[in-house]
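Architecture at a glance
Chain by chain, the residues run as shown.
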Amino acid sequence: MPIITDLFYLPPLEYFVAVMDHNKIWVDLEGKYLKPTYCNRTQVRLTNKVETLIIPIKKLNSQDGLADVKIDYSQKWKNVHLRGFQSGYGKAPFYEYFFPYIETVYQKNLSNLVEFNIELLTVCLELLQLKIPVSKGMPNEKNHFTADIRGTITPKQDFNIRNIYKAYPYNQLFGVNFVPNLSVLDLLFCAGPDSREILVNSKKMIEQSVK
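Residues numbered from 1 in each chain as written. Predicted model: local features only at pLDDT ≥ 70, side-chain atom pairs only at ≥ 80, totals over all residues. Heavy atoms only, no water.

**A closer look at the environment of E103**
Counting through the fold element by element, E103 comes out in helix α3 (residues 95–107). We classify E103 as partly exposed; its relative accessible area is 26%. For E103 and A92, which are eleven residues apart along the polypeptide, the C-alpha to C-alpha distance reads 16 Å. (Helix = DSSP H or I, 4+ residues; strand = E, 2+ residues; numbered from the N terminus. Buried < 20%, exposed > 50% of the residue type's maximum accessible area, 1.4 Å probe, protein only.)

**Here's the deal with the nonpolar core**
In terms of nonpolar packing, the biggest core is built from 67 residues, with Y9, F16, I25, F85, Y106 and F116 touching the most fellow members. Going through the elements one at a time, α1 (13–19), β2 (24–27), α2 (77–89), α3, α4 (113–127), α5 (184–191) and α6 (195–201) are the ones with two or more residues in this core. The element that contributes the greatest number of residues to this core is α4, accounting for ten residues. Setting aside its immediate chain neighbours within four residues, F116 contacts Y9, I55, I71, W77, V105, Y106 and L110. (Core = buried A, V, L, I, M, F, W, Y, C linked by side-chain atoms within 4.5 Å. Contact = heavy atoms within 4.5 Å.)

**Some thoughts on the sheet that holds strand β6 (residues 147–148)**
Pairing in this open sheet of four strands is parallel, and the strands run β5-β2-β1-β6 from one edge to the other. Both outer strands of the open sheet, β5 (134–136) and β6, are each paired with one neighbouring strand and no more. Both strand β1 (residues 2–5) and β6 contribute to a ladder of two bridges, which runs parallel. Counted as the bridge partner of I3 is A147 from β6. Packing against the sheet, α4 makes contact with β2 and β5, and its axis sits at approximately 165 degrees to β5. (Pairing = 2+ DSSP bridges. Axes fitted to C-alpha atoms, helices over the stretch in contact; angles between N-to-C directions.)

**Side note on the pairing of β1**
Both β1 and β2 contribute to a ladder of four bridges, which runs parallel. Bridged to P2 within β2 is K24. You can see the chain leave β1, run along α1 and come back into β2, and the turn it takes is right-handed. (Right-handed = clockwise from strand over helix to strand, strands pointing away.)

**Observations concerning the packing of α3 against α5**
Here α3 crosses α5 at 140 degrees, and the two axes come no closer than 8 Å. Packed against α3, whose contacting residues are Y95, F98, F99 and I102, the element α5 presents L185, L188 and F189 at the interface. Taken together, the residues of the contact of α3 with α5 break down into seven nonpolar, no polar and no charged. (Nonpolar A, V, L, I, M, F, W, Y, C, P; charged D, E, K, R; others polar.)

**Brief notes about the packing of aromatic side chains**
Enumeration according to the criterion identifies 16 aromatic pairs in this entry. When the ring of W77 is compared with that of F116, the centres are 6.0 Å apart and the planes differ by 80 degrees; the resulting orientation is edge-to-face. Here W77, found in helix α2, pairs with F116, found in helix α4; they are 39 residues apart in sequence, far enough to count as distant. Across the pair, F116 and W77 agree in class, each one buried. Both rings, one in Y106 and one in F116, keep their centres 5.1 Å apart while their planes meet at 80 degrees; by these two values the pair is edge-to-face. Taken as a pair, Y106 in helix α3 and F116 in helix α4 lie far apart in primary sequence, ten residues in all. (Phe/Tyr/Trp six-rings, centres within 6.5 Å; stacked < 30°, edge-to-face > 60°.)

Next comes the structure, spelled out in structure tokens:
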């Protein structure tokens, strides 16, 4: 069945755990841009800390919706993000294989935040070997068979309070303590072809069904 989600920038693992068993993703664009939100921020692990990378946006008018949000390229955010990926994951075992697919999207300099995020999401799904098409808007015939996680995954709340994702450790580059629920890039660069299996093992529902 399809699932309706919010717009995300390089989503955390919790997002992919939530969508991976569905046959289509609908990204809802009816709302307004709100702060703080995952639609223009993601978290990655750099040398000695977790860093939040934020895409700056152009000033919005009162009537503008999420679909109208434009990326502000007058700020040098793109170089900051790409250098962050390089410094944080350049020595990760699968960085050289996966990074060119990600970098290609950045090189397009897409002005619309929605188009940029959806293109990145589509690439990440392909790299995870998840054959799930992504569409903008809402399904024509939404019914009780359509899952809806809008407003569920938010930076305002810790993932542990939700019944979606549980930390399933994999080898990360820095530190001795595993940091869960980072951007999907952390998983792809560090775990490569094992990424999909790790997502399966990260489902909180599996853990609860055994009890």
